[in-house]
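Secondary and tertiary structure notes
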Amino acid sequence: MSDDRPVGPKIPDWTEPPVPDMAPLEGRYVRLEALDADRHAAILFKAFDGHDHVWDYMPVGPFASAAQFHRWMRDETAKDTILFHAIYDKDKGAYGGFASYLRIKPASGSIEVGFIAMAPQLQRTRAATEAMFLMMRWAFDAGYRRYEWKCDALNMPSRRAAQRFGFTFEGVFVQATVVKGRNRDTAWFAVIDKDWPALLEAYQFWLAPENFDEAGRQVERLADLTRLVRRGSDPAQGG
């Protein structure tokens with residue numbers, strides 16, 4: 001290959017990682033388990049009930065009834081392209097949301113976390129953060145090279161969350177899709193395997209019981225711990 005036609009470096013000993021087996025993921029504050037309509041739909045519908053804003057940027061919802069929500073969950077969990085976890089908050093002793101693996105591409109070593117819905121009771125908790133950590137850790141332990149986060153570019157809470165979790169902003173795809181009859185520009189974020197060792201240390205430090213006072217308030221902010229790991233910042237929010 002000539003110098004003026006460069007190609008990417010070889011990846012030594014590359015093997016495709018497995019598709020997630022959806023075995024439970026157990027943490028200190030949270031447990032993730034395969035979402036099941038018969039087990040989880042009624043509980044989660046109650047957790048989401050009265051909080052329609054949860055669905056503002058989602059491709060589905062809000063749901064008019066528990067039966068409608070159950071049907072949707074049953075149909076979605078029957079697919080093999082989106083793999084959903086139910087999120088159980090151990091501190092509260094309750095299920096508070098779900099999150100999924102999607103766009104799973106073992107041949108490329110790429111996987112996305114998304115389709116995340118968290119009821120207010122779960123938002124801004126140690127359990128919510130640990131849920132994201134456990135899913136990320138599984139992906140890199142399994143051998144994935146790239147872990148993606150995508151959201152509506154207008155969804156600033158999601159963009160802030162991505163940056164807090166250590167994802168690097170990669171740009172906005174303009175007019176990427178249509179959701180609920182509206183244009184959606186999509187913001188892209190990613191963590192790659194080279195980022196992971198330092199992010200692992202940041203998460204382990206943040207999640208340690210010593211990082212919280214008697215009222216459960218954090219001592220060190222996760223965003224401060226992940227800032228030095230990110231390869232770039234989201235210009236919409238700085239830092």
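Residues numbered from 1 in each chain as written. Predicted model: local features only at pLDDT ≥ 70, side-chain atom pairs only at ≥ 80, totals over all residues. Heavy atoms only, no water.

Looking now at the nonpolar core. Residues Y101, M132, M135, M136, Y147, W149 and F167 are the most contacted members of the largest nonpolar core, which totals 45 residues. Among the nonpolar cores identified, the runner-up in size contains 25 residues, and L44, M73, Y95 and F115 belong to it. (Core = buried A, V, L, I, M, F, W, Y, C linked by side-chain atoms within 4.5 Å. Buried < 20%, exposed > 50% of the residue type's maximum accessible area, 1.4 Å probe, protein only.)

As a further point, take the packing of aromatic side chains. One pass over the structure, following the stated rule, counts 30 aromatic pairs. With centroids separated by 6.4 Å and ring planes inclined at 40°, the aromatic side chains of W55 and F98 adopt a geometry described as tilted. One end of the pair, W55, is in the loop between α1 (37-48) and α2 (66-77); the other, F98, is in strand β4 (residues 94-105), with 43 residues separating them in the sequence. Of the residues examined, W55 reaches a relative accessible area of 3% and is grouped as buried. Where F140 meets Y147, the ring centres are 6.1 Å apart and the plane angle is 55°; that geometry is what we call tilted. Both residues of the pair, F140 and Y147, belong to the buried class. (Phe/Tyr/Trp six-rings, centres within 6.5 Å; stacked < 30°, edge-to-face > 60°. Helix = DSSP H or I, 4+ residues; strand = E, 2+ residues; numbered from the N terminus.)

Turning to the pairing of strand β6 (residues 146-152), a few remarks are in order. Most of β6 sits out of view: seven of its seven residues are buried. In this sheet, β6 lies alongside strand β5 (residues 110-118) in parallel orientation, the contact comprising three bridges. Each bridged residue has a counterpart across the sheet, and for S110 the counterpart in β6 is R146. The β-α-β motif built from β5, the intervening helix α3 (residues 126-142) and the parallel element β6 has right-handed crossover chirality. For β6 and strand β8 (residues 182-192), the ladder comprises seven bridges, and the chain directions are antiparallel. (Pairing = 2+ DSSP bridges. Right-handed = clockwise from strand over helix to strand, strands pointing away.)

The N-to-C vectors of α1 and α2 enclose an angle of 130°; their axes lie 9 Å apart at closest approach. Considering their axes alone, α1 and α2 lie oblique with respect to each other. The chirality of how α1 crosses α2 is right-handed. Within the contact between the two elements, α1 uses A37, D38, H40, A41, L44, F45 and F48 and α2 uses A66, F69, H70, M73 and R74. Residue classes in the contact of α1 with α2 are distributed as eight nonpolar, two polar and two charged. (Axes fitted to C-alpha atoms, helices over the stretch in contact; angles between N-to-C directions. Parallel < 35°, antiparallel > 145°, perpendicular 65-115°, else oblique. Left-handed = near helix turned anticlockwise from the far one by under 90°. Contact = heavy atoms within 4.5 Å. Nonpolar A, V, L, I, M, F, W, Y, C, P; charged D, E, K, R; others polar.)

An order of β1-β2-β3-β4-β5-β6-β8-β7 is seen for the eight strands of this open sheet, with the pairing classed as mixed. The open sheet has two edge strands, β1 (25-26) and β7 (168-179), and neither has a second partner. Strand contacts of α1: β2 (30-34), β3 (82-89), β4 and β5, with the helix running at about 110° to β4, the strand carrying the most contacts. Sitting on the sheet, α2 touches β3, β4 and β5, and the angle it makes with β3 is about 125°.

Limitation: the analysis is restricted to geometry and does not speak to function.
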